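Structural overview
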Amino acid sequence: MENKPETQNQYWRSLDEKYQTPEFLKTLENEFQSSPLKSEEGKDGLARRQFMKLMGASVALSAAACVRRPVEKIIPYNKRPAEIIPGLPNYYASSWFDGSQGFGLLIKTREGRPLHVAGNTEFPLNGKGLSARASAHILSLYDPDRLKTPVYNSINPKGRNNALKADASWLQVDQKIAPQLKKGGVAILTSSYPSEHTQDVMSSFLGKFSGKKYVWDPLTLESVREAQKISYGAALVPHYHFDKSQLTVSLDGDFLGTYISPVEFTRGFQQARNPEGAQMAKLISFHSVPSLTTLNADDGYPVAASQQLGLALALLQRVLAGKGGGLTSELKKAALSDEQLGLENGTLTKIAKELLENSGRSLVIAGGLATESENALNLQLVVNWLNSALGNEGKTVTAQGSYLGLEGNSADIFELLKDIDDGKIKTLIIHNVNPVYGLPAALGFVEKLNKVEMLISTSNWFDETASLANVVAPCGHPMENWNEFEFVSGLHVIQQPTVRPLGDTRSFEDSLITWAHTAGSDITSEKSFFDIVKKKATAAVGSEEAWYEYLQKGFRGNSDHSGSPRSLSSSVASQIRPVASKATDLELVIVPTVHMTDGSLANVSWLQELPDPVTKIVWENTLTFSPKTAKAMGVENGTVLTVDVNGVTMKVTGYVQPGQADKVVGLALGYGRTAGGELSKNVGVNASQLVQVSGNKLIYSGAPITVKKTSEFNELAITQGHNTMEGRQIVAETTFKAYKQGQNGIHRHKIFSIWGQHKYDGHKWGMSIDLNTCTGCSACMMACQSENNIPVVGKKYVIQGREMHWIRIDRYYSGDEARPDAVFQPMMCQQCENAPCETVCPVVATVHSDEGLNDMVYNRCVGTRYCSNNCPYKVRRFNWFYYDGHHRKENLHMALNPEVTVRTRGVMEKCTYCVQRIKDAKNTAKDENRPLKDGDIKTACEEVCPTSAIVFGDLNDKESRVSKLFVAERQYTLLEEVNAAPRTRYLAKVRNTDRTLGSGHDTHAPSHDSKDSHKETHT
Amino acid sequence: MIERKPLILGDKTYKEITDDICEPVETKPGAGWIALFFSAKMLLLFYLVSIGIIVTTGMGLLGVNHPVGWGTMIVTFVFWIGIGHAGTLISAILFLFRQKWRTSVARSAEAMTVFAVMTAGIFPLIHTGRPWLDFWLIPYPNQRGPLWVNFRSPLLWDVFAVSTYATVSMVFWYVGLVPDFATIRDRAKTKLRRNIYGALSLGWRGTGRNWSHYEMVYLLLAGLSTPLVLSVHTIVSFDFAVSTLPGWHTTIFPPYFVAGAIFSGFGMVVTLLTLVRIGFPKFKDYITIDHMEAMNKIIMATGMMVGYAYASEFFIAWYSGVTYEKFAFVNRAFGPYWWAYWIMVTCNVLIPQIFWFKWARRSIPIMFVVSIFVNIGMWFERFVITVTSLHRDYLPSNWGMYAWSRWDAAILFGSFGMFLTIFLLYLRVFPAISIAEVKPVLYVGKKSKHGGKHHG
C-alpha cells in the first residue's frame, strides 16, 4: 500500500490563476493589502487625502507618544461544535502517568484548549488529590520549546555531538526510517509505562523486526521488585496501605513525596492520623537526607545512608527477639547498636516494642534513590522480613493491587550497552526516557551510540538524547494523545486527549504503527492507536455505549486488595549478604525532589519556581549538609564547592539542611539540564553524573565524595529565609497525649473591639486549614498558579523577594537543629474581617464584599503598596514589572485562565478565595434553581489537596463543614491579638510523640503563660 | 538687663544693606557658582532620566520588595519633608514670638522649605506602581460612580497635608518677597529686568497702605502656617502610626516626627547658610555667627528630643509586653540592620552634643560637619523606621531584606540635584536675605547713631 501524501490537488479559482498571468500575480500582490496607500486612488503616487489623514494622525500619535492599539479581530464560530458553548468550560476525564505514580484527572477545557487540571474525585488512587507536578504538567503542553515538527539531524561522522538540526515532515521521516527497520536489529529503550496497549504495540513492532525492549527509569524500583521475588516469589511492586497502618517506620522511604505513589499514600496516611479519634497513626522516620516524609514525621532520626541496613537489621533483631526468634550470627554482626547509629540508648528497642504492639497494623518502608546503595537489595529483604515478622504482609503490604508496569531496571541499560557493543542493534528507538541526561557519563552511553546506525528519539523536546538522534519523532503531550493505563492491577483509566496536537506531532504508538506499515509489515489492522484503544476497551466494557460512559467516568474496574498474606521464603536470611560500606568521611546521597523528580518537567517554569518543600530553594539544586558537618567544613548557604566523586568533578552550591545526617551530603536530581528547553538550561547541576556504577547496578546512595570549598559565593533564591517561629504562636502544636488530656496547644486572647461588625445576610465565606493533615506537598501552590494566572519571575527576582505565589507553604523548624521538628503552614490572604489593607488604601482599590471577601480591584489600584505593608500576614503580591503577557512567549498565553484577570504592572494582587469559582457555582445553582450547597464551591487549592486539609464554605450555613470546623477544639486564629479577624482559620497540629514539644527550645510552649518562654533566637 | 548683641554687623547704612543683598542678583555669577550649578544640573538631569526609566520600566528596579513595600522613595520623601520644616518654623513661629534674629535667615530657610517640599513632593507621585493614575488620589467629581477616595487612608491625609503645606509656605514666602522684588525692580538697569521684577512685585508701590496690608497678610499667613508646621509631619507620621506594623504602630510618632523634622530642617539650614556665607562673603554681616549659634542650640535641643523619643520607644516596647513590638525594637538595634540604627543614634544624638561647648557652636567648620551628620542621621532615621520595621514583622516566614539597587542610589542622590539646582538659581535671582525685614533690625543691639538705644 502506498502512503498518501497530504493534499496534492491544486485547485484554481480562475483561468488567470491557472495560467499565472502577470495581471493575476499583480492583483494577488495587492489583494490582501489593506493599506489605503495602495488602494485604487493611490495609483498615481499617494492618495492626497489619505496621506494627509495618515500624516496628521501619526503626527498626533507620535506627539502623544503612544501607539495605536493593534486591530485584533475576533471571529465567531461559523458552525458551533455541539459540545462547546463559548464561555463555558468542558471537563474531560483523563489520566497522567508520572514516572511511577498515576493520576486520574479531570481536565478543564475552554473553547477547545485545556486550562486546568483537577483530580478525578472518584478515582481510587489519587481521588481529588494531585501532586504539584500533576497540576503543573499542563504548562508543558504550551511549552514554546516543544518540538513542532519531526527533526532530521545530519549526524557528523566524527560524532553525534555536532548534529545539524533540520525540520522535516512525517513523510520524510517515515521514509527514512522504514528501510532502516527492514535491516532488523531494532531496539526500544523506554521508561516504565503501565499501558497494556502501548506494550502490545511495542511488542508486535519488535516482533516484526526481531527487536528487543529495554526498560529503564531514573527513579528505579528494581531492588523492591527483586526483593519481592526473593521473599515471596513474584517480582512486583506491592501496594502499601498507609490508611491501615498505626505505626509507620520509614527508612529513607519518601512515600509522601517521591516514592511510588505519594499522593495516594498521603491520602491514606492522613486518614489514619485523625487526632479526634481514639488512636492516631504515628510516623517514625530514619533518614539520611530530609525529605517531605521526614518533615512530617512525629519522630525523626538522622542516620547515614551507609547505616540503613545496619539499622534495619537492628530493628529486625529486636522484633524477632520479641517473637522468640533471632538472626544468624553474620547478620547480627551487621546490625548496628543505638550508639553506633547516634541514637539515644534504648530508642530501637522502644520502636521495636511499639512495632510489635502494632503487629498487623504497622508498616516498615524503605525505598527510593536514597536507599539505592550497594545494600539496596539487602535492605529491601530485611524490610520484607520485618513486615512479614510483624504480620503486616497481606494487611498493610499486599501483592494484590500491585503497581503495574514499573519494570525499569538498570540491568537493561547494561544489557543494551553490551548488545550495542556486539553489533546487535542497528536501530535504537528511545521513548520517554532521557538516558544521555540521566546516566552517568562514565557508562559511555554517548560513545556507544555511535555504533548504532540510526538513533530515533520520540522526545518532545530537542533534549540531551534527542540532539544526538538521527531522527526526532516528537510523540506529543499526553493531553494530545489517547491511551489507557492500568496503574494498579484491575484498575483501568483512560487518557483522553483534550486538544488537537498543537504542533505536527504524532503519538509514539502511531509512529510505530506507521513505521511498521511503511516498512511493509503491518502490525495491526486498525488505522490508528486510538482505534486499538477503543476496540480493546469497548470489548472490555461490553458496548459502544459503555465505552462512552467509561470515557465520562474516566476509569473502570477497581483494585482488589483482598487476599491472603504471602509467606516469606525461608531463604531470605541466606540471601541477605551485607556489603561492608567503604569507610568514608563524607557520603553522597542523590535524592529526587517533590517538584523536579527526574527532571523531565524541568522546562516548566512553575515547577522551577515552586519552592522545594524541604529547602524552600527555587531555580537551583544544592549540596546539602547537616549543620554540624557544615560547621566543621566551613560551609554556609551559598558557598560554592567543588565536589569529586570517583574522578567526576563539578561545582555545586552548599546549603545547610537542619535534620540531615552528619557526614552525608545530599544532592537533588532533575537539575542541570543542558538541552531541551531555554528555561531549564544550566539551572543547578546534573546529579546523575555522580551516579556510580557497580557491576550491573547504578548506585545513587553512599558513594564517597570529597568536597572542597572555593572562594566563590552563589546567592541562593530561598523563598523563606527564616525558619523558626521566634516563640510566637504561628503554628499551634500539641502532642497527641496532651491533646487527649484537653491541651490543644493554643493560647487564646481576649479580644474586644469598640467597633461593630459587618452584617452578612447572604453568604459569609470562610476557610479552614488543618495543619495536622497538611504535609506541605505544595500541590495547592501549583493549582493556584494554574487557576489564577500567576506569573513566574525567575531566580534573580526571587532573590529580591518578588515571587508572586498567592498561596505559599511556610515551613518552620523547632527544637535542636540536628533533629528538628518541622511544621507546614499554607499561607494565603486571610480575608480579614477587620482588614488592615482596606483602611489604608487611598483609592479604595481593596474593599470588603457583602460576602466577607477582601475584593481586590485591579483597575482601581495605583500601587501605593501600603496595603502590603499593613498586612500582618504579608500575603499580597505586587506586579513590579509587566508580568501580564506582553512578553509571554508563543502558546504560553493559552495556558491563561480567561476567567481571571491578568494583572498589569504596578498593581497589587492576592488570593481571592477563587472568587471566579464562587461566581461560577452561584450561577450554576441559579440555573438549576436551587440554593448553593456546601461543597459546590471548591477553591483551586482545596480542590487538589490530597488530604482535604483545606476546606472552604459558607459560615452562615451552620451545617457546612467549615462552620463546624470553626468551632472545633483545635481551631485557632493566626495573630488573633492583632484582631484583623481573619476568616481563614487554622486547626492546630498534633504530633504523636512522647517527647515534650519544644523542651529547651524556642517553640511555643502549650501553656503560653510565662513571658520567659518568648526567647528570641536567630538562625 | 542683658545687653543685646547686634543682629547686623559692620555698621551698615540702609543703602549698604540694599546694595549688599542685591549684589548677587545684579552681578554676573562667579566661577564657583557656575561650577556648582552645572554639577547640580547634571545631577538633576541624571535624576530625571532615572525617574523616566523607573516609571516606564517598573518599580521593580528599586529595592522595594516583599516584605519591604516602601523603601528609598518613601524614606527620602519623609527626609525632604522633614527638611522643609525649619523654614516655616523660622518664618512663622519665630515671627509670632517676635524673635528678631530670624530676619536674616528667614528668607533662605523658607526658600529651602519650598524647594525641599517640591523635591519631596515628587516621591509620592513616582513611588506608586502606576504613576500616571496618581490623580486618583485627589477627590474630584468623576464619572466613575462617582468614585471617591478613601478618607480613612493616612496616605490621603498625606496628600492634603503636603499639598496644603506646599501651597501655604509658597504663598507665605512669596508675600515676603514682594517688597524686595520691588526694590530690585526699582534698581533695575534694563527694561527686561524691570518688567520681570515688576511683574513679580505685583505692583508694589511702598505706600503706607501697601505696608499696612502687607504686614497684616504676613501676620495672618504666619498664624496659618504655624499649625501646619506641626500638622504636616504629624500627618506624615500617621502613614506609619496608623498602620498595624510593629515599629510603626506607636503613639509617640507625631511629636517625635515633628521634633525630628525641625532637627533635620535646622541641620539643612546650617549646611546651606555656611555655604552661602562662603559664597557671598558680604552676607556674613547679616547671617552672623550669633545667628548660626542660635540655630545650633536648636539643633542640640531637638536632637535630644529625638534621642528621648528613641529611648522612649524602647521603653514602651518593653513595657507593652507585646512580643512583636519588643522584637521590632531589638531587631532595630541588633538585627541585620543594626548599622543603620547606630548610624542614626550616632549622628542624631551623640554628635550634636558637641554643641554644649560654645566654641563648637560658633565654629563654622564644626557646625558644617555636624549639620552634615545630622542630615545623614535623619535620613537613616527614616530608613530605620521604614525598612527595618517592614523587613521583619509578624510572621518569620515573611522576613527578608531590602534589595537595595543602584536605582535607589540614583533616586536618592538625584533628588539632591533637583534641590541644589533650584536653590542655586534662587540665590542668583531672588534676594537671599529679606531686605525689608533686615532694615528694621539694623540698630538692634547697637549704639544708635543718635547716641541712644534704638528699639527697632
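Analysis parameters
- Residues numbered from 1 in each chain as written.
- Chains lettered and ligands numbered in written order.
- Predicted model: local features only at pLDDT ≥ 70, side-chain atom pairs only at ≥ 80, totals over all residues.
- Helix = DSSP H or I, 4+ residues; strand = E, 2+ residues; numbered from the N terminus.
- Contact = placed C-beta atoms within 7 Å.
- Rg over C-alpha atoms; globule rule 2.2 N^0.38 Å.
- Buried ≥ 20, exposed ≤ 12 C-beta atoms within 10 Å, placed from the backbone.
- Pairing = 2+ DSSP bridges.
- Nonpolar A, V, L, I, M, F, W, Y, C, P; charged D, E, K, R; others polar.
- Core = buried A, V, L, I, M, F, W, Y, C linked by C-beta atoms within 7 Å.
- Axes fitted to C-alpha atoms, helices over the stretch in contact; angles between N-to-C directions.
- Parallel < 35°, antiparallel > 145°, perpendicular 65-115°, else oblique.
- Left-handed = near helix turned anticlockwise from the far one by under 90°.
- Expected span 1.5 Å × (residues − 1).
- Arc of directions from axis to C-beta.
- pLDDT = per-residue confidence, 0-100.

A closer look at the overall build of chain A
Summing up its helical and strand segments, chain A has 31 helices and 42 strands in all. In chain A, once contacts between residues fewer than 6 apart in sequence are set aside, the share between residues at least 24 apart is 73%.

A short note on the overall build of chain B
Looking only at helices and strands, chain B has 16 helices and zero strands in total. In terms of overall size, chain B behaves like a compact globule, its C-alpha atoms giving a radius of gyration of 23 Å where 456 residues would be expected to give roughly 23 Å. Burial statistics for chain B: of 456 residues in total, 51% are counted as buried.

Details of the pairing of strand E11 (residues 299-302) of chain A
Residue and element names in this part refer to chain A. Side-chain alternation along E11 places Asp299 and Tyr301 on one buried face and Gly300 and Pro302 on a second face that is also buried. Of the pairings in the sheet, the one linking strand E10 (residues 282-287) to E11 comprises four bridges and is parallel in character. Within E11, the residue paired with Ile284 across the bridge is Asp299.

Here's the deal with the interface of chain B and chain A
Every contact between the two is made by 40 residues of chain B and, on the other side, 45 residues of chain A. Counting residues per element, the ones that place at least two in the side of chain B that touches chain A are helix H6 (154-187) and helix H11 (323-334) of chain B. Here the residues of the side of chain B that touches chain A are counted per class, giving 19 nonpolar, 17 polar and four charged.

Structural notes on the nonpolar core
Of all hydrophobic cores here, the largest spans 373 residues; its most connected members are A:Ala312, A:Val382, A:Ile590 and B:Val269. If we ignore the near neighbours within four places in the chain, the residues touching A:Ala312 are A:Leu251, A:Ala366, A:Leu379, A:Val382 and A:Val383. A:Tyr152, A:Phe445, A:Ala466 and A:Phe508 belong to the second-largest nonpolar core, a separate cluster that totals 55 residues.

Points about the sheet that holds strand E20 (residues 587-591) of chain A
Residue and element names in this part refer to chain A. Strand order in the open sheet formed by seven strands is E28-E20-E25-E22-E24-E23-E29, and the pairing between neighbours is mixed. The open sheet has two edge strands, strand E28 (701-704) and strand E29 (706-713), and neither has a second partner. When the angles between neighbouring strand axes are averaged without regard to direction, this sheet yields 35°. Direction of pairing for strand E23 (residues 639-645) relative to strand E24 (residues 648-656): antiparallel, over a ladder of six bridges. Paired with Thr642 across the strands is Lys651, a residue of E24.

Things to note about the sheet that holds strand E9 (residues 247-251) of chain A
Residue and element names in this part refer to chain A. With parallel pairing, the four strands of this open sheet are ordered in space as E11-E10-E9-E12. Unpaired on one side and paired on the other, E11 and strand E12 (362-366) mark the two borders of the sheet. On average, each strand axis in the sheet is inclined to that of its neighbour by 10°, with strand direction left out of account. As paired elements, E9 and E12 share five bridges and run parallel to each other.

With respect to unusual backbone geometry
Glycine aside, residues mostly have negative phi, and peptide bonds are mostly found in the trans state. The residue after B:His66, namely B:Pro67, is reached through a cis peptide bond having omega 20°. Tracing the backbone through its elements, the reader meets B:Pro67 in the loop between helix H2 (31-57) and helix H3 (72-83). Here the amide bond leading from B:Gly145 into B:Pro146 is cis, since omega sits at -5°, within 30 degrees of zero. Positive phi outside glycine occurs at A:Glu111, with the angle close to 45°. Taking the number of C-beta atoms within 10 Å as the measure of exposure, A:Glu111 has 15 and is therefore partly exposed. Within the chain, A:Gln831 stands out as a residue other than glycine whose phi angle is a positive 50°. Inspection of the secondary structure puts A:Gln831 in the loop between strand E34 (821-827) and helix H27 (836-840). For A:Gln831, a count of 26 C-beta atoms within 10 Å corresponds to the buried category.

Some remarks on the packing of helix H5 (residues 102-126) of chain B against helix H15 (residues 406-429) of chain B
Residue and element names in this part refer to chain B. Running from N to C, H5 and H15 cross one another at 150°; their axes reach a closest spacing of 9 Å. Here H15 runs roughly antiparallel to H5, going by the angle between their axes. In this structure, the crossing between H5 and H15 has a hand that is right-handed. In this structure, H5 contributes Ala111, Met112, Phe115, Ala116 and Thr119 to the contact, and H15 contributes Ser415, Met418, Phe419, Ile422, Phe423 and Tyr426.

As for the pairing of strand E39 (residues 950-954) of chain A
Residues and elements named next belong to chain A. Across the five residues of E39, five count as buried, placing the element largely inside the fold. One ladder, built from five bridges, connects strand E32 (residues 765-770) with E39; its direction is antiparallel. Bridge assignment links Ser768 to a residue of E39, and that residue is Val951.

So, the environment of B:Phe419
All names here are of chain B. Residue position: Phe419 is located in helix H15. In this structure Phe419 comes out as buried when scored by C-beta crowding, with 24 C-beta atoms within 10 Å. With sequence-adjacent residues up to four places away left out, Phe419 is seen in contact with Phe115, Ala116 and Thr119.

Some details on helix H6 (residues 196-208) of chain A
The periodicity of an α-helix, 3.6 residues per turn, causes residues three or four places apart in sequence to face the same way. Residues and elements named next belong to chain A. With 13 residues, H6 ought to run about 18 Å at 1.5 Å a step, and its terminal C-alpha atoms sit 18 Å apart, in line with that. For H6, the complete set of buried residues consists of His197, Thr198, Val201, Met202, Phe205 and Lys208. Along H6, the residues classed as buried sweep out an arc of 135° about the axis, all on the same side. Along its buried surface, H6 packs onto strand E6 (186-190), strand E7 (212-215), strand E17 (483-488), helix H18 (508-518) and helix H19 (529-541). Count one or two residues on from H6 and you reach Ser210, which has phi positive near 40°.

A look at the environment of A:His747
Of note, A:His747 is situated in the loop between helix H24 (736-740) and E32. A count of 16 C-beta atoms within 10 Å places A:His747 in the partly exposed class.

Quick look at the confidence of the model for chain B
All names here are of chain B. Of the residues in chain B, 97% reach a pLDDT of 70 or more, and the chain-wide mean stands at 90. Mean pLDDT values over the elements of chain B span from 82, in helix H4 (residues 85-96), up to 95, in helix H12 (residues 338-350). Throughout residues 450-456 the model reports pLDDT below 50, and contacts reaching past four residues in sequence, or to other chains, amount to eight contacts. For this predicted complex, the interface score ipTM comes out at 0.93, while the overall pTM is 0.88.

What about H4(B)?
Residues and elements named next belong to chain B. End to end, H4 covers 16 Å across 12 residues, agreeing with the expected 16 Å (1.5 Å per residue, within 8%). Inspection of H4 places His85, Ala86, Gly87, Thr88, Leu89, Ile90, Ser91, Ala92, Leu94 and Phe95 among the buried residues, and these make up the whole buried set. Where H4 is buried, its residues touch H3, H5, H6, helix H8 (208-241) and helix H9 (253-279). Following H4 by one or two positions, Arg98 has its phi on the positive side, about 55°.

Looking at the environment of A:Ala334
All names here are of chain A. Its place among the elements puts Ala334 in helix H11 (residues 329-334). Using a count of 22 C-beta atoms within 10 Å as the deciding quantity, one classes Ala334 as buried. As for Ala334 and Ala580, which are separated by 246 residues in sequence, their C-alpha atoms are 8.4 Å apart. Residues within four places of Ala334 in sequence aside, it is in contact with Leu309, Gly310, Leu313 and Pro578.

Considering the confidence of the model for chain A
The share of residues in chain A with pLDDT of 70 or more is 90%, and the mean pLDDT across the chain is 87. Low pLDDT, under 50, characterises residues 1-7 of chain A; the stretch is placed with two contacts to residues that sit more than four places away or in other chains.

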